[in-house]
Amino acid sequence: GDVLRNNGARLIDIEPYDDGSGTTKFFAIMIRNSGSDGVAWSWQYNTSPEGIQQHLGEQSQDRIVDLDQYTIGGRSYFSAIYIRNADAHGRAWWWYIGIAADQIDDLARANDAMIVDIEPSGTGTFNLLMQRVPGGNPAWWWYVGVDGDTVATALQQHNARPVSVKRWWTYD
């Protein structure tokens, strides 16, 4: 909307939520859409995996950079942010819905890819985005079902910084 246009910006992360009245509201992170960050982009919300697939079929040059599942008024929806997958932003990529935690490493290895977005689906599985960085993926790690001390230890051992930390729980 106006905030994006007035700032010459594009979305890089969006977290839709129900404001309590059944209305979709957003937490949003944006960057200036210029210089090396400048790229054609679009987004969808209150959609389904089929709606996302339809977008990708119609806009085959797009790549998803943020994928979220959320509930509004008791109904499950998805949102997606897309960028043009070309030039400096071009790379091989994959998206998955409803993947069990024990399948994620196999998918990453099979695709020679790294996880760039992972979200709990609310059913004990995960929705995720993977990509292969041209010239080789940087070193990366992911963990599920660990406490804060384990994360802190892993960061220190790998001399790494967190890219994303998500709260996740199981029903057992």
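Residues numbered from 1 in each chain as written. Predicted model: local features only at pLDDT ≥ 70, side-chain atom pairs only at ≥ 80, totals over all residues. Heavy atoms only, no water.

K.L.:
Is there a simple way to explain helix H3 (residues 101-111) in this structure?
P.N.:
All of the buried residues along H3 are Ile104, Ala108 and Asn111. Down the axis of H3, the sector holding all buried residues measures 80°, keeping them to one side. For H3, exposure combined with an orientation more than 90 degrees from the buried face picks out Asp102, Arg109 and Ala110. Contact partners of the buried residues in H3: strand E6 (92-99), strand E7 (114-120) and strand E8 (126-132). Downstream of H3 by one or two residues, Asp112 has phi in the positive range, about 45°. (Buried < 20%, exposed > 50% of the residue type's maximum accessible area, 1.4 Å probe, protein only. Helix = DSSP H or I, 4+ residues; strand = E, 2+ residues; numbered from the N terminus. Arc of directions from axis to C-beta. Contact = heavy atoms within 4.5 Å.)

K.L.:
It is not clear to me how the layout of surface pockets should be interpreted in this structure. Could you clarify?
P.N.:
Empty space among the atoms becomes visible once a probe the size of a water molecule is rolled across them. Empty space within the largest pocket amounts to approximately 1600 Å³. As for the largest pocket, its lining consists of 50 residues, and the residues nearest its centre are Ile115, Val116, Pro162, Val163 and Ser164. Contributing elements (two or more residues each) for the lining of the largest pocket: strand E1 (9-18), strand E2 (24-32), strand E4 (62-72), E7, E8 and helix H4 (148-158). For the lining of the largest pocket, a count of residues per class yields 32 nonpolar, 6 polar and 12 charged. (1 Å grid on protein atoms, 1.4 Å probe; cavity = no way out; pocket = protein on both sides within 12 Å on 5 of 7 lines; lining within 4 Å. Points joined across faces, edges and corners; volume = space filled by probe spheres on them. Nonpolar A, V, L, I, M, F, W, Y, C, P; charged D, E, K, R; others polar.)

K.L.:
Help me understand the sheet that holds E4, please; the structure alone is not making it clear to me.
P.N.:
The 3 strands are arranged E3-E5-E4 in an open sheet whose pairing can be described as antiparallel. In this open sheet, the two strands that pair with only one neighbour each are strand E3 (41-47) and E4. On average, adjacent strands in this sheet sit at an angle of 10° to one another, irrespective of strand direction. Two elements, E3 and strand E5 (residues 75-84), share 5 bridges in a ladder whose sense is antiparallel. In the sheet register, Thr47 faces E5, and the bridge partner there is Phe78. (Pairing = 2+ DSSP bridges. Axes fitted to C-alpha atoms, helices over the stretch in contact; angles between N-to-C directions.)

K.L.:
I'm lost on the environment of His89 in this one. Help?
P.N.:
With respect to the helices, strands and loops of the structure, His89 is situated in the loop between E5 and E6. Along the sequence, His89 and Gly38 sit 51 residues apart, while their C-alpha atoms lie 9.5 Å from each other. When residues no more than four places from it in sequence are discounted, the contact partners of His89 are Arg10, Ser36, Asp37, Gly38, Val39, Arg63, Ile83 and Arg84. For His89, the side chain forms a polar contact with the main-chain oxygen of Ser36, separated by 3.4 Å. (Polar contact = N/O pair within 3.5 Å; in protein donor to acceptor, adjacent residues only side chain to side chain.)

K.L.:
Honestly, the side chain of Gln131 in this entry has me stumped. Any pointers?
P.N.:
Note on placement: Gln131 falls in strand E8. One polar contact links Gln131 to Arg63, side chain to side chain, over a distance of 3.0 Å.

K.L.:
How do you make sense of the sheet that holds E8 when you look at a structure like this?
P.N.:
The strands that make up a sheet pair up through hydrogen bonds in the backbone, lying either parallel or antiparallel. On the basis of which strands lie adjacent, the open sheet formed by 3 strands has the order E6-E8-E7 and antiparallel pairing. The outermost strands of the open sheet, each flanked by one partner alone, are E6 and E7. In this sheet, adjacent strand axes meet at a mean angle of 10° when their direction is disregarded. Of the strand pairs in this sheet, E7 and E8 are connected by 6 bridges, and their pairing is antiparallel.

K.L.:
Which parts of the structure should I look at to understand a nonpolar patch on the surface?
P.N.:
Residues Trp141, Tyr143 and Val146 make up a contiguous nonpolar surface patch of about 290 Å² in total accessible area. Tracing the chain through its elements places Trp141 in the loop between E8 and H4. (Patch = residues over 30% accessible without salt bridge, like charges linked within 9 Å, V, L, I, M, F, W, Y side chains within 5 Å. Areas by Shrake-Rupley, 256 points an atom, 1.4 Å probe, with all protein chains shown as cover. Salt bridge = Lys/Arg side-chain N within 4 Å of Asp/Glu carboxyl O.)

No statement about biological role is implied by the geometric values presented.
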